[in-house]
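# Working through the structure, step by step
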Amino acid sequence: MVESYNDYSYNEYDEKKNKVPWKKIILLSVILIIIVALILFLLKSCGKTNLREGLIEAAKDYYEKYPDLLPSNVGECTTLTLEDLEKEGLINSKDYETCEKKQTYVNICYLESKTYHYSAILECEVEDTNYGMWQDGNESDLQETSDVRFKFLGEMLKTGTKYYYPNDLTDASKVIEYYSSIPNNDYVGSEDEQIGYKWYTEKQVASYWEGGKYSSTQPEGYPTKGSSTTVTKYSDTKPSSASYRQIKDVTLYRTQSIARPYVWVCVNPNNPNDAVVSDKPCQGTHSKTKDIRYTCNGVDEVKVTAEQIINRDFPSCGDWSSYTTNSCKTNYLNGVKCESKSGYEYTDTMWKWYKMDNVRSYYPSNASTADKENTYYITAPSDGYVKDETTKATVHKYYKLVEDGVANNYEEWLPLTNEYVTLSEMLASFRENGYEVYNLSEVNKIDEIRYQFKLQYRNLDK
């Protein structure tokens, strides 16, 4: 029985001993993989930091060697490529053998605080530097890894003399005239925004009927007589009586143009065959009248019958004239027929009639309505003037600028571009305006130009 027990115990032990612990092996393998991955991640992370920091340290060593190449003006930036640093032997090329030589670089900017900011941009297989969007900011917004750039606004100093409309005064304190819009094409500058009004005086003015026409009777609404005149007329019938009329009995005359002789055919009484044509009545050797021709205009013949000649009823050449008291006589030779008759001369007195209106006179043009006056004032321009509250407007003083290089009463910095631009764009705008500058140091040496700048930054994407 003992032997049998020992055999059984031995066999059971060997079976447990020889069984493989797979669960334990798998668990240990997973743990080992995690540890290796973590180590690789940490090594890779350390590599990133080392690459960036190594590049920046190499750049600092470069500028210790060449300090004159550092930016010296606020807002100025420069770059050092990996290629530049390798040529100077300032970096271990093996550490950066997967990096692009020119696309991997250090950006150095001179800040307003008189300090330098270094940022490294990596273009490597093992690591790329990925930045977010550019944004405006201040130095206080910068992180150690932030990338920096500057935008610029170039300005030019304009000097000269301002001549203010309307009297070309140069002392703005003495200018009291304001306008709601440009008063003259030469005076386009504006300043001193105010609330202004048009001002007027009011007085009674005679307003004449029909602009000053005469009338014997009072027109409706015009009660007052002004200056007078008289008109004399004639009539063959008695006119009606009126307070403004004087009537006299007179002899009236009138005339009418009638056909007159203008050609005479004259014959020698002793020789019927001896005839001549004359523009005068027949006389002398040709004293016998054979024929008379008549006309109205001295050119064209008018037919006149023998009966008309006998009755002295020659054809008329026009209408009768108006009646007058000027006497006349009929003259058939001259073609004038005169007629007289009893009639009347009457003389009418006529007046300019007017009414008194309250009329405004706006300063300074004396216009009668506000729309015809374009000058505004803050206070009354003279004694007795009243503010027209209905004309309230936002107004300015307007001037023309004569640039003469002497800052008499004008000095202003004017921007050269509509917005902030890159450094190269700003320098180009200066050159377009006659200033041959190619860097910020040259700009800072010229008194007539300057620049504003703003800092922009971007941070690493997380």
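Predicted model only: the values in this text are computed from it and were never measured.

### Some thoughts on the overall build of the chain
In terms of regular secondary structure, the chain is built from six helices and 17 strands. Relative to the compact-globule value of 23 Å for 462 residues, the chain shows a C-alpha radius of gyration of 58 Å, a clear excess of over 25%. Reported as C-alpha extents along the three principal axes, the dimensions of the chain are approximately 210 × 75 × 75 Å. Across the 462 residues that make up the chain, the buried fraction comes to 31%. Of the contacts made within the chain by residues no fewer than 6 positions apart, 73% connect residues no fewer than 24 positions apart. Summed over its atoms, the accessible surface of the chain is roughly 29900 Å², and 46% of this surface lies on carbon and sulfur atoms.

### A few points about the sheet that holds strand β2 (residues 105–110)
Strand order across the open sheet formed by three strands is β1-β2-β3, with antiparallel pairing between neighbours. If you trace the sheet from one side to the other, it starts and ends with β1 (77–81) and β3 (116–121), each paired once. Going across the sheet, the axis of each strand differs from the next one's by a mean of 20 degrees, ignoring polarity. Where β2 meets β3, six bridges bridge the pair, whose relative direction is antiparallel.

### A short note on the nonpolar core
Core analysis: the biggest nonpolar cluster contains 20 residues, and Leu55, Tyr63, Leu85, Ile91, Tyr96 and Tyr118 have the highest contact counts within it. Secondary structure elements with two or more residues in this core: α2 (22–65), α3 (82–87), β2 and β3. No other element matches α2, which puts seven residues into this core. In contact with Leu55, other than residues within four places in its own chain, are Leu82, Leu85, Ile91, Tyr96, Thr104, Tyr105, Val106, Ala120, Ile121 and Leu122. Judged by nonpolar contacts, the second largest core, of 19 residues, contains Leu142, Val148, Met156 and Val421.

### What to know about helix α5 (residues 423–432)
For α5, the set of buried residues is Met426, Leu427, Ser429 and Phe430. Each buried residue of α5 lies within a common arc of 155 degrees when the element is viewed along its axis, so the set occupies one face. Facing away from the buried surface of α5 by more than 90 degrees, the exposed residues are Ser424 and Glu432. Tucked inside the fold, the buried residues of α5 contact β5 (147–164), α6 (440–444) and β17 (449–458).

### Looking at the sheet that holds strand β10 (residues 260–268)
Reading across from one edge, β11-β10-β12-β13 is the order of the four strands in this open sheet, with antiparallel pairing throughout. This sheet does not close on itself; its edge strands, each paired only once, are β11 (271–278) and β13 (301–302). Pairing of strand β12 (residues 288–295) with β13 involves two bridges; the strand directions are antiparallel. Bridged to Thr295 within β13 is Glu301.

### Quick notes on the side chain of Thr81
Here Thr81 is to be found in strand β1. Overall, Thr81 belongs to the buried group, its relative accessible area being 15%. Within the structure, the side chain of Thr81 is placed 3.0 Å from the side chain of Asp84, a separation counted as a polar contact. Sequence-distant contacts of Thr81, defined by excluding residues within four places in its chain, comprise Lys101, Lys102, Thr104 and Tyr105.

### A short note on the confidence of the model for the chain
Confidence along the chain averages 90 in pLDDT terms, with 92% of residues attaining 70 or more. Here residues 1–17 is modelled with pLDDT under 50, and outside its nearest four sequence neighbours on either side it reaches zero contacts, counting other chains as well. pLDDT under 50 marks residues 45–49. Its contacts with residues more than four places away, or in other chains, come to two contacts.

The rules we used
Residues numbered from 1 in each chain as written. Predicted model: local features only at pLDDT ≥ 70, side-chain atom pairs only at ≥ 80, totals over all residues. Heavy atoms only, no water. Helix = DSSP H or I, 4+ residues; strand = E, 2+ residues; numbered from the N terminus. Rg over C-alpha atoms; globule rule 2.2 N^0.38 Å. Buried < 20%, exposed > 50% of the residue type's maximum accessible area, 1.4 Å probe, protein only. Contact = heavy atoms within 4.5 Å. Areas by Shrake-Rupley, 256 points an atom, 1.4 Å probe, with all protein chains shown as cover. Pairing = 2+ DSSP bridges. Axes fitted to C-alpha atoms, helices over the stretch in contact; angles between N-to-C directions. Core = buried A, V, L, I, M, F, W, Y, C linked by side-chain atoms within 4.5 Å. Arc of directions from axis to C-beta. Polar contact = N/O pair within 3.5 Å; in protein donor to acceptor, adjacent residues only side chain to side chain. pLDDT = per-residue confidence, 0-100.

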